[in-house]
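For reference, the chains in residue letters:
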Protein chains: 4
Amino acid sequence: MTKYYRVLIDCKDEKGLVYKISKAFYDFGLNVENNREFVDAQNGKFFMRSEVSGKFDPLALEAELHLVLPARANIRLIEPKPKRIVLMATKESHCLGDILIRHEANELEAEIIGVISNYETLRNLVEKFEIPYVHVSHEGLQRAEHEERILTELEKFGHIDYIVLAKYMRILTPEFVAHFDERIINIHHSFLPAFIGANPYKQAYDRGVKIIGATAHFVNNNLDEGPIIAQDIIPINHTMDWKAMRNAGRDVEKVVLAKALKLALEDKIFVYANKTVIFD
Amino acid sequence: MTKYYRVLIDCKDEKGLVYKISKAFYDFGLNVENNREFVDAQNGKFFMRSEVSGKFDPLALEAELHLVLPARANIRLIEPKPKRIVLMATKESHCLGDILIRHEANELEAEIIGVISNYETLRNLVEKFEIPYVHVSHEGLQRAEHEERILTELEKFGHIDYIVLAKYMRILTPEFVAHFDERIINIHHSFLPAFIGANPYKQAYDRGVKIIGATAHFVNNNLDEGPIIAQDIIPINHTMDWKAMRNAGRDVEKVVLAKALKLALEDKIFVYANKTVIFD
Amino acid sequence: MTKYYRVLIDCKDEKGLVYKISKAFYDFGLNVENNREFVDAQNGKFFMRSEVSGKFDPLALEAELHLVLPARANIRLIEPKPKRIVLMATKESHCLGDILIRHEANELEAEIIGVISNYETLRNLVEKFEIPYVHVSHEGLQRAEHEERILTELEKFGHIDYIVLAKYMRILTPEFVAHFDERIINIHHSFLPAFIGANPYKQAYDRGVKIIGATAHFVNNNLDEGPIIAQDIIPINHTMDWKAMRNAGRDVEKVVLAKALKLALEDKIFVYANKTVIFD
Amino acid sequence: MTKYYRVLIDCKDEKGLVYKISKAFYDFGLNVENNREFVDAQNGKFFMRSEVSGKFDPLALEAELHLVLPARANIRLIEPKPKRIVLMATKESHCLGDILIRHEANELEAEIIGVISNYETLRNLVEKFEIPYVHVSHEGLQRAEHEERILTELEKFGHIDYIVLAKYMRILTPEFVAHFDERIINIHHSFLPAFIGANPYKQAYDRGVKIIGATAHFVNNNLDEGPIIAQDIIPINHTMDWKAMRNAGRDVEKVVLAKALKLALEDKIFVYANKTVIFD
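Residues numbered from 1 in each chain as written. Chains lettered and ligands numbered in written order. Predicted model: local features only at pLDDT ≥ 70, side-chain atom pairs only at ≥ 80, totals over all residues. Heavy atoms only, no water.

1. Details of the sheet that holds strand β10 (residues 211–218) of chain D
Residues and elements named next belong to chain D. Here 7 strands make up an open sheet; going across it, the order is β7-β6-β5-β8-β9-β10-β11 and the pairing mixed. Strands at the two margins of the open sheet, each flanked by one partner only, are β7 (133–135) and β11 (228–235). On average, each strand axis in the sheet is inclined to that of its neighbour by 20°, with strand direction left out of account. Taken together, the 4 bridges between strand β9 (residues 184–188) and β10 define a ladder with antiparallel strand orientation. Pairing of Ile185 across the sheet is with Phe218, part of β10. (Pairing = 2+ DSSP bridges. Helix = DSSP H or I, 4+ residues; strand = E, 2+ residues; numbered from the N terminus. Axes fitted to C-alpha atoms, helices over the stretch in contact; angles between N-to-C directions.)

2. Some words on the pattern of salt bridges
For the coordinates displayed, the defined rule picks out 96 salt bridges over all chains. Here Arg6 of chain D and Asp267 of chain D are joined by a salt bridge, their closest N and O atoms 2.8 Å apart. In this pair, Arg6 of chain D is assigned in strand β1 (residues 3–12) and Asp267 of chain D in the loop between α8 (242–265) and β12 (269–272), connecting sequence segments 261 residues apart. For the pair Arg6 of chain D and Asp267 of chain D, one class covers both residues: buried. Put simply, Asp98, Arg102, Glu107 and Lys262 of chain A together with Asp251 and Lys254 of chain C are held in one network by salt bridges that share partners. (Salt bridge = Lys/Arg side-chain N within 4 Å of Asp/Glu carboxyl O. Buried < 20%, exposed > 50% of the residue type's maximum accessible area, 1.4 Å probe, protein only.)

3. Topic: the domain arrangement of chain A
Residues and elements named next belong to chain A. Entries for chain A in the domain assignment read domain 1 (3–78) and domain 2 (83–278). Taken over C-alpha atoms, the centre of domain 1 sits 32 Å from the centre of domain 2. Of the residues lining the interface, 14 residues belong to domain 1; the matching set on domain 2 comes to 10 residues. Between domain 1 and domain 2, a total of about 920 Å² is buried, with carbon and sulfur atoms accounting for 61% of that surface. Considering only the side of domain 1, the residues that lose the most area to domain 2 are Arg6, Phe47 and Arg49, jointly responsible for 50% of the buried surface there. Between the two partners, domain 1 and domain 2, sit 2 salt bridges. Across the domain 1-domain 2 interface, the total number found is 5 residue pairs in polar contact (both at pLDDT 80 or more). Residue assignment for the side of domain 1 that touches domain 2 shows that the elements contributing at least two residues are β1 (3–12), β2 (31–40), β3 (45–54) and β4 (74–78). Of the residues in the side of domain 1 that touches domain 2, the class split is 6 nonpolar, 1 polar and 7 charged. (Domains from an automatic or database assignment. Contact = heavy atoms within 4.5 Å. Buried area = accessible area lost by both parts, 1.4 Å probe. Polar contact = N/O pair within 3.5 Å; in protein donor to acceptor, adjacent residues only side chain to side chain. Nonpolar A, V, L, I, M, F, W, Y, C, P; charged D, E, K, R; others polar.)

4. Thoughts on the relation of the copies chain B and chain A
Mapping chain B onto chain A calls for a screw motion: a turn of 180° about the axis and a shift of 0.0 Å along it, with 0.0 Å RMSD after fitting. One copy is carried onto the other by what is essentially a two-fold rotation axis. The C-alpha atom lying nearest the rotation axis in chain B is that of Ala194 of chain B; the distance is 2.2 Å. A shared interface surface links the copies, since 100% of the contact residues of chain B are contact residues in chain A too. (Least-squares fit on C-alpha atoms with pLDDT ≥ 70 in both.)

5. Concerning the interface of chain B and chain A
Counting residues at the interface gives 32 residues for chain B, matched by 32 residues for chain A. Here chain B meets chain A over a buried area of about 2600 Å², counting both sides, of which 57% is carbon and sulfur. Taken as a group, Arg207, Lys210 and His238 of chain B account for 27% of the area that chain B buries against chain A, more than any other trio of residues on that side. One can count 0 salt bridges joining chain B with chain A. Summed over the shared surface of chain B and chain A, the result is 12 residue pairs in polar contact (both at pLDDT 80 or more). Those elements that provide at least two residues to the side of chain B that touches chain A are β2 (31–40), α7 (200–207), β11 (228–235) and β13 (275–278) of chain B.

6. Considerations on the relation of the copies chain C and chain B
Mapping chain C onto chain B calls for a screw motion: a turn of 180° about the axis and a shift of 0.0 Å along it, with 0.0 Å RMSD after fitting. Residue by residue, 100% of the interface of chain C is reproduced at the interface of chain B, so both copies engage with the same surface.

7. Points about the side chain of His188 of chain B
Residue and element names in this part refer to chain B. Within the secondary structure, His188 is located in strand β9 (residues 184–188). Judged by relative accessible area, which is 4%, His188 ranks as buried. Residues within four places of His188 in sequence aside, it is in contact with Phe195, Ile196, Gly197, Pro200, Ala214, Thr215, His217 and Asp224.

8. What to know about the pairing of strand β12 (residues 269–272) of chain B
Residues and elements named next belong to chain B. Bridge count between β12 and β13: 4 bridges; the pairing is antiparallel. In the sheet register, Tyr272 faces β13, and the bridge partner there is Lys275. The antiparallel hairpin formed by β12 and β13 contains 2 residues in its connecting segment, where Ala273 sits at a positive phi of about 55°.

9. Topic: the environment of Lys15 of chain B
In this fold, Lys15 of chain B is placed in the loop between β1 (3–12) and α1 (17–27). On the basis of relative accessibility, which here comes to 39%, the residue Lys15 of chain B falls in the partly exposed class. Put simply, Lys15 of chain B and Asn43 of chain B are 28 residues apart on the chain and 15 Å apart in space, counted from C-alpha to C-alpha. In contact with Lys15 of chain B, not counting residues within four places along its chain, are Lys20 of chain B together with Tyr26, Gly29, Leu30 and Asn31 of chain C.

10. Quick look at the UniProt feature "domain: ACT" (unreviewed entry) in chain A
Per the UniProt record, "domain: ACT" (unreviewed entry) is found at residues 6–83 of chain A. Along residues 6–83 of chain A one finds 28% helix and 42% strand; the C-alpha atoms at either end are 14 Å apart. (UniProt positions renumbered as here; feature names shortened; annotations may be inferred.)

11. Examining the interface of chain C and chain B
Facing the 13 residues of chain C at the interface are 13 residues of chain B. Of the roughly 1400 Å² buried where chain C meets chain B, counting both sides, 58% is carbon and sulfur surface. Considering only the side of chain C, the residues that lose the most area to chain B are Lys15, Tyr19 and Tyr26 of chain C, jointly responsible for 45% of the buried surface there. Along the contact surface separating chain C from chain B lie 5 residue pairs in polar contact (both at pLDDT 80 or more). Those elements giving two or more residues to the side of chain C that touches chain B turn out to be α1 (17–27) and β2 (31–40) of chain C.

Right, dumping it as C-alpha cells:
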C-alpha cells in the first residue's frame, strides 16, 4: 500500500548530502513530491524536508539514512495525520475563536482535544464546539501550584503534540516549559523583540510607533525570547490610543498565530540556535 | 494677489476651536483647500492643519487667530516654498542617492544646499549633481571637536530648515542636536524600538526575526529615541544572513526616509510628547 | 441627558461650510469629539463626518444645518446603536465564522438577526451561536423565483440595515439589489478589477500573478462593479496551485470583509460616483 | 582553479532527477552551495537551480547532465559575471535614476552599456554617470521605422543580455520583441491584470480602488501580458486624485522593477507557460 511520509533531516553539513539522501529515496523507489534544503554555511548545518510516497518500509529507510548520513543526524519520518493539540487561553476570544472556526472547517491538520483556561469566560464559546473546557483558576495559588494543576489536567488528555497559547496571559515557569520542549506555541502581541513584557500596546502607544505587530514563537525558558516562527504588522497612526491599537492588533495576532500553528502541524519548522528554519 | 498658506495650529483643547478658526478663515474670505484636525482627548491637546488661499494679510490673520484661540496657542503660517536642507552621510549611497534623484526630478519641495560627510567616499556621486560636498573627517578628533567643525561648515550654508542624516553613522551629542531642535531627521535601520544601537541587522539575524524594518525619526538627546515619523518593514527568512538582510533593508530605508522627509517638507508633522501627529 | 450622535453631511462644496457647520455645533453647545472632512475639488463635492455629544435636540440641529447648508444637502444624524444585519452564505465558513466570532466577542456594532443560505452546510455552525438559519435552496428554481423566496424570508426579519454576503456564491439580479441600495456588502476573492467573475483564484493561477487579494464592495447592478470599500492582498509564488491560493486567500477575505463591515456599522462610509469616501 | 557556476535545469519530470543531478555534482567533486527545486506536478515539469563550486570542467559536467537527464532537458551552466544591459526610457526619471544609483553602488550584477530614449529629457541625468545616451526620436516616424532605428543603435552596443524598459512609454511590436525573447523586462504601473493599457492610475482613480501597484514582467507579443516576475502594491485612499496616485506609485514601480532586474541578473527566473518560477 502506498505510504506518504514527511522526512525531516538536520545534521552537520558535508559534501554530497543531497546526493546521499536522494539516492536512498531513489533506491527505495520513492516519489519525491516536494524537497526543500537549506545549508547554514556559517554554522555548518544542513536541513532538509521532503515529502515522499511509495510502497516502502519506513524503518528500513530510516536505517538506510542513518547509514549514509553523518553521525548524530537528526532524522524524522512523520506520517501526516491530525496532531493532538491543547489550547490555553485567558479571557480574550479572538485567537481561540479563530482556531475553533478553522478547526471546524477542517483547515487544520489537528484535533483540538481540549481547552484550558484560568477563567470561566470562554467556556460558553468553546463548548459550542463540543470541545472539553477545563477551568484551572490561579486564584489563591502559588504559580508552581497552579501549573501543577494544569499539568495534571494535561496528563488526562493523553498524548499532546502541541500546546497553543491563544492569548494565555500568564507567564509559564521554566519548569513547566521543560515538559514541552519546542511544543508550546505562543502569540505575543508585538513584533518582538520590541515591547517585551506586559501590555505591549500600551508601550507602543507611549513610544509613538507607526506600526504594531504580532509574533508567534516557541516558548522557552526566557519569556518572549523563544524561537520566532512568524511575525506580521499593521500600520497605525496618531489617532489610535492603546485600546484602538489593541483592537486593531487582534486581526494580526490571530492570523500570525494561525500561520505558525499550520507550519507546526505540517512539520515545516526546524528549531536551531534559538531560531527557526521554515520551509513554507 | 492670491496667496497660498499652510496654517498649523496646536493648542490646549477647548470647545469651539474649529468654529473659531474656520470663522477667522471665512471672515478673511479664504478658500480652505484642505483641513485636518486631531484632538488628543487624553492630554487635552488640539492640532489643526489647513491649506488656505485668498487675497489676505497673513499677519492680520495670525493676529486674529491669536485673539480667538487659547493663550499660548502655537500658530504657524507657512508659505509653501522649497526648504533648505543639508544631507549628512558616511559611506553608503542608497539613501543619499535616492534623495539626489528625487531632488533632480523635482519630487521634493527642497533645495539641497550641501552634503557633509566624514569620508570622501560619496563625493563623486554628489558632485555629479553639482551639489557642494564637504568632507569633515573625524579621524584624530574628539567628538566635540569634530562636531564643532561640522557646525562651522553648516553655518557657512546660511539658513537651514532640515538636516537629513542619510545613513550618517556617527552618534551626535546632545550639544550638537540642541542647535537643530526637531530639525534633524534620521533613518535608523530597524523598526524601533527593536534593535536600538549598533548593527541592527546583526542583532536581527541573531534574534531570528522574520521581519526587518526601518524607522525615520527626529533626533533628540537620546540616541534612537526621538519622535518617530515613519516606519516600514519587509519580510525576511532563514536563508538570509545579516548582510543579505542589510542589502534587502536598503530599499525600505530609502523609501521610509524619503517619506518622512516629504512629510517634513510639506509641513505635515506636529511633534508632541516625543511623538508625532501626522496629517498625510 | 447627554446624547451622542454621528453627523454625516455631503453636499455641493462652497466657501465656509466648515465654518457654518461648526458654528451650528457651537451654538448648540456640542462637544465635537471627532471631525473629518473631504472636498472633492474636481467634482465640487463636500463630505464631513463628526462625532458630537451634548444635551440638545437632534431635530432642531438637523433643521439648523439644513438652513445654513446648500440646498439638497444630504444630512444624517445617526445615534450609535447596534445595526441589524443579515448574513448570506453558501458553503464556505471562513468569512461567516469570522463574523460570528467577532459578534460573539462584541467586536461589532451589530446584531446578527439571521443567516440565509442556499445550502444546509453551515446550519450547524450558525446554530451553535443561537442565530436563526434559513435554508433557501435554489434547486429547481428560476433565479427570480429563488430571490423572491429570499426576499420573503428577509421581510420576516423586519428592519435590516445591512446584508453581508459572506461568500454567497450566487449572482444577485438588479431587481433584488434595488431593494437594498448601498446596503449589501460583498466580499470578492480578488483585488478588483482584476479577475472579475467566476473562480478568480483559478484566473490568478493561470495568469501567474505574484499577489492575490480580496475586495469588499457594495453590490450594485453590475456584478463586481460596485463601490469598493476595502482591499488587501497577500504575496504568492509559483509553488501554489489555485487551491493553495484559495486557501491562502481566505485569511485576506475574512479580514477585508470584517474591515468593510466595521466601517459600515460605524457610519464611516460615503458612497459617491460609484466610489467610497472613507473616514477610518 | 576553483570555478563558480549556476546550474539551471528544466525538463520533463520523472523519478530520481534530484538523485541523478546531485550524483553528477558529487562525482565531479562539487560543493553545492544552494539548491532549489520545484516540480509542477500538474504539468509534469521539473525545475532546479544550483550554485556549485569546484575544480571541474563545465563542459564535461554539462555533457554528463545531458546523459542522465531526460531528452530535451534544458541545461544552462552560467558563470556569474556582470550582465550587459541597456535601459530604455521616455521622460520619467524615477526608475531610471534608481537603477543608475544602484549601478553606481555596485548593487547590480550588471554593466549598463547604454540608455536609449525617444526624448532628450533624461540625457543630462544619464550622462552624469558617464553612460552613453542615445536619443532616437519617434517623431514623424512609422512605428516600424522607429524600431528599426532603435535596433540599429542596439546592435552597435554589441552583446546585450537584457533590455530594461524603465518607463519606456511606447508599445513595442511583436517584430521588435522577437529579437529579445524573454530578455526585455518592463515595469507596468498597475498590479496586472488590472488596468491593462494606457494611464492605469487614471483607470484606478476612476474605479475607486483602495490599492494601487506595479508589475514587472517580461515583454512578449501581447502588451501587458508577458510572464510576471514581481508585483507589489501600496494602499491609497479617496483623498488622492490620479496624479497623487501616480506620484505615490513611483516608489512601488522602482522597487518592483529593481527586484525583477536583480532576479534576472542573478539567473533566478525560469519562464514557463507564460509564467515564472522564481527561486529568490
